[in-house]
Structure formats: structure tokens, C-alpha cells
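# Observations on the three-dimensional arrangement
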Amino acid sequence: MIGWLKRNSVSVLAILLILILMAIPTGYEDAAIYKGTDRVKAKVLSTDESTVKSSGLIQSGEQYCQLEILGGKFKGQEATGVNMLSGSLESDKIFQEGDVAQVVISYKDNEILSVMMSDHYRIDKELLLAGMFVVLLILFAGRTGLRAVYSFVITVLAIWKIMVPAYLRGVNPIWCGILITAFLTVLIIFLVYGWSRKTIAASSGALLGVLVTCIIGCIFTDAFKIHGAVMAYSESLLYAGYQDLDLTRIFMSGIFIGASGAMMDLSVDITSAVNEVIEKKPEIGWREAARSGMNVGRAAMGTMTTTLLLAYSGGYIALLMTFMAQGTPLDNIFNYKYVSAEILDTVVGSFGLVTVAPFTALTSGILLTGHKKKVKQGETV
């Protein structure tokens, strides 16, 4: 039993942490606007668009759907659901016969008062997609793939259970974001390497990049005079009763949080490369090992910077198309606050990557060559 725990200590620790995070209350469980309602899925039996007004692509009015309720206390019953159309292609949805929808049932005792159509039901397909990915990852990467699944789940839970509630309570977003990002960075790299000097080498490089990104991001967000309301749905948050939130600091924290994944990736790549060099050539000195790591870092930095650009700009393709269709001059485009925010994200994140490469190469060379004799003898690093 003890031997099994030693071999699987990393996985056991990850599972315990997942269970702890799942048990932590956010403090907002009772803040739902759906009190006195039942949120279930329902099958659309028929639709009625007689009151829907169409004007080109825009539709407004109400679509009525005859439903068979598939869950909750009214399972098996039929009811009429109302789909409110506001004329927004972004938020509106149209249901067809045979669709499965997420609905909100308002009721009193055992009587249905109203049924509002929320959206198409997608959770089953999301679970299917996630399951396929997990299976593929484990089949391809084995135990490392399983640890990657652990790190993904822990990251989601840490953001949802700790960071988001802390932000809503008005905790300083910069310090909170730094602490959570540092915790996740060390933990995720630990899940990759386990109890190893490689964990220290990769983590130190990634954390330095996060710190540099944080400092430069804060400075230039103020210099660019970008307000945090540039973030999607931020105004809705203010109107929901959180007017005291510092959206700009939340935006600043989003810069280094968003870039931290690429920095972890680069630090692990460099550390693994240096470790491979040392394993193949145990007599190598730390300077030569660090130089090899720098060569890997130089090659990776070019693609990583482009990765950040594509990741940040992918959601703004429609905006860029609008600029081009309207013949907007380039100087106006680059000066627009949404574009400036994306430039800030990309360039500041790239600063962090440039910092990660040499520092990780240096720490990997020093820490890993210190164990070259043990590596040569086949002992665990």
C-alpha cells in the first residue's frame, strides 16, 4: 500500500485537491435569479411563429413552443414555452420541432405558472466532446495525459471557486490573480514532472514571465488609457449591482492570466529539452546545457508570439471585417480601444515569453546538471 502511494502520490494529491476545491462554497449559491423555478430540458413538439415579426435578418416578438418536459418535478407533462426575441442575432435563438431546449419553469405548489425558453440544450454534447478528448489524451500520453486532465479540472475549479468569487467580493484583482496564477503554474508543472528539480526550474522561469507581464501590463494599461469596460459583459456586471468593482484592474489581471499558459508551455519545453541533452550527455557543463536551452527558446518564441496573436484576435474577426468593409483607415483601427487592448495583450504577453526563455534555460542548466551523476546511474531526478 505504501509503495503504491509513493508511485501514485502526484495523482493522489491532485484528486484530493480536486475534491477540496469542489467542496469549497463560492458564497453565491443563493444569489441565483432562478429561485422558485425549475431549470430542466424539454423537447420541442411544435412551434408557433404567428406573432414573430421579421425584418430581414432581424426577428422580434414571441415564438411559442409546445413542449414535453424531460426532467424535474413536472417530467412527462406538456406545457407551452415562450421564446422572447429581442431583435439581436447575438442573443436570440429560434427553436424547431424536435429540438431539445433548456427551459426555466416558474411554478407555485404543483402548478406551472410559465415556461421560458432559455437556450438550446448542449450539455450532453459538451460532455461527449470532453469525454472524447480525455480518452484521446490518455490513450496518446498515458499517465502524463491523465495528469493533464487533472490540471485542467483543477484550473477550472480554482478559477470558478476561488478567483471569480474573490473578484466579486472586491479583492484586489492584481494580487489575487498573481497568487492564483502562481499556484496553478507551480501545480500544473508539478503534475507534469512530479517531485523533481525540473519542476523548480520550469516553475521559476514561468513565474518570472508572469511577474514581468503583470508589471508591464499594469503600466501600459494606464498609458493606453484603457478602461476595463472593454471586456465583454463587464457592463452587465455593473448593472447587476457590482458598481464598485475595479474593472480596469480586472482587465490588467486578465493580461498575465491569459499569457501564463503560453509561458508555462515554453518553460516546460525548454526544461524538457535541457533535461534530454543532459541525459544523453551527462558530462555536459551547465553553461553548455543552458546554451542548448536558449537555442530551443529562440526557436519557440517566434511561434509562441504568433500563438498569442491568434488566440487573442480570433474573437475579433467580425470587428476587423467591419473596419475593412467601412474603409476605416489603419491609424483609426490601431487607435480604437478594442484593438489597442488586443495589441496590449499580445505584446505584453510576448514580453513575458522573452523573459521566460533565458531564465528557464539558465535555471535548468544549473539545477539539472547538478544531478548529472545520478542521471548517469539511472536514478530518479
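Residues numbered from 1 in each chain as written. Predicted model: local features only at pLDDT ≥ 70, side-chain atom pairs only at ≥ 80, totals over all residues. Heavy atoms only, no water.

## Focus on the overall build of the protein chain
On a plain count of helices and strands, the protein chain comes out with 13 helices and six strands. Counting only C-alpha atoms, the protein chain reaches 80 × 65 × 35 Å along its principal axes. Buried residues in the protein chain amount to 39% of all 381 residues. Put simply, 69% of the contacts in the protein chain that link residues at least 6 apart link residues at least 24 apart. Total accessible area computed for the protein chain in this model is approximately 21700 Å², and 63% of it derives from carbon and sulfur atoms. A gap of 15 Å separates the mean positions of the 31 positive and 31 negative side-chain charges of the protein chain. (Helix = DSSP H or I, 4+ residues; strand = E, 2+ residues; numbered from the N terminus. Buried < 20%, exposed > 50% of the residue type's maximum accessible area, 1.4 Å probe, protein only. Contact = heavy atoms within 4.5 Å. Areas by Shrake-Rupley, 256 points an atom, 1.4 Å probe, with all protein chains shown as cover. Lys, Arg positive; Asp, Glu negative; His and termini not counted. Charge placed at Lys NZ, Arg CZ, Asp CG, Glu CD.)

## So, the state of the cysteines
Scanning the model with the defined rule gives zero disulfides in all. Cys-214 provides the cysteine sulfur closest to Cys-218, a residue in no disulfide bond, and the two sulfurs are 4.3 Å apart. (Disulfide = S-S within 2.5 Å.)

## Describing the side chain of Ser-260
For Ser-260, the position within the fold is in helix α8 (residues 247-280). Beyond its immediate stretch of four places on either side in the chain, Ser-260 contacts Thr-181 and Val-210.

## What about the packing of aromatic side chains?
Counted by the stated rule, this structure contains four aromatic pairs. Aromatic pair Phe-323 and Tyr-336: ring centres 5.4 Å apart, planes at 85°, arrangement edge-to-face. With a gap of 13 residues between them, Phe-323 in helix α10 (residues 317-325) and Tyr-336 in the loop between α11 (330-335) and α12 (337-369) connect regions that are remote in the sequence. Relative accessible area serves as the criterion here: at 9%, Phe-323 is assigned to the buried category. Since its relative accessible area comes to 34%, Tyr-336 is described here as partly exposed. A centroid spacing of 5.5 Å and a plane angle of 45° characterise the contact between Tyr-336 and Tyr-338, whose relative ring orientation is tilted. By relative accessible area, Tyr-338 is classed as partly exposed at 26%. Of the aromatic side chains, those joined through ring pairs into one cluster are Phe-323, Tyr-336 and Tyr-338. (Phe/Tyr/Trp six-rings, centres within 6.5 Å; stacked < 30°, edge-to-face > 60°.)

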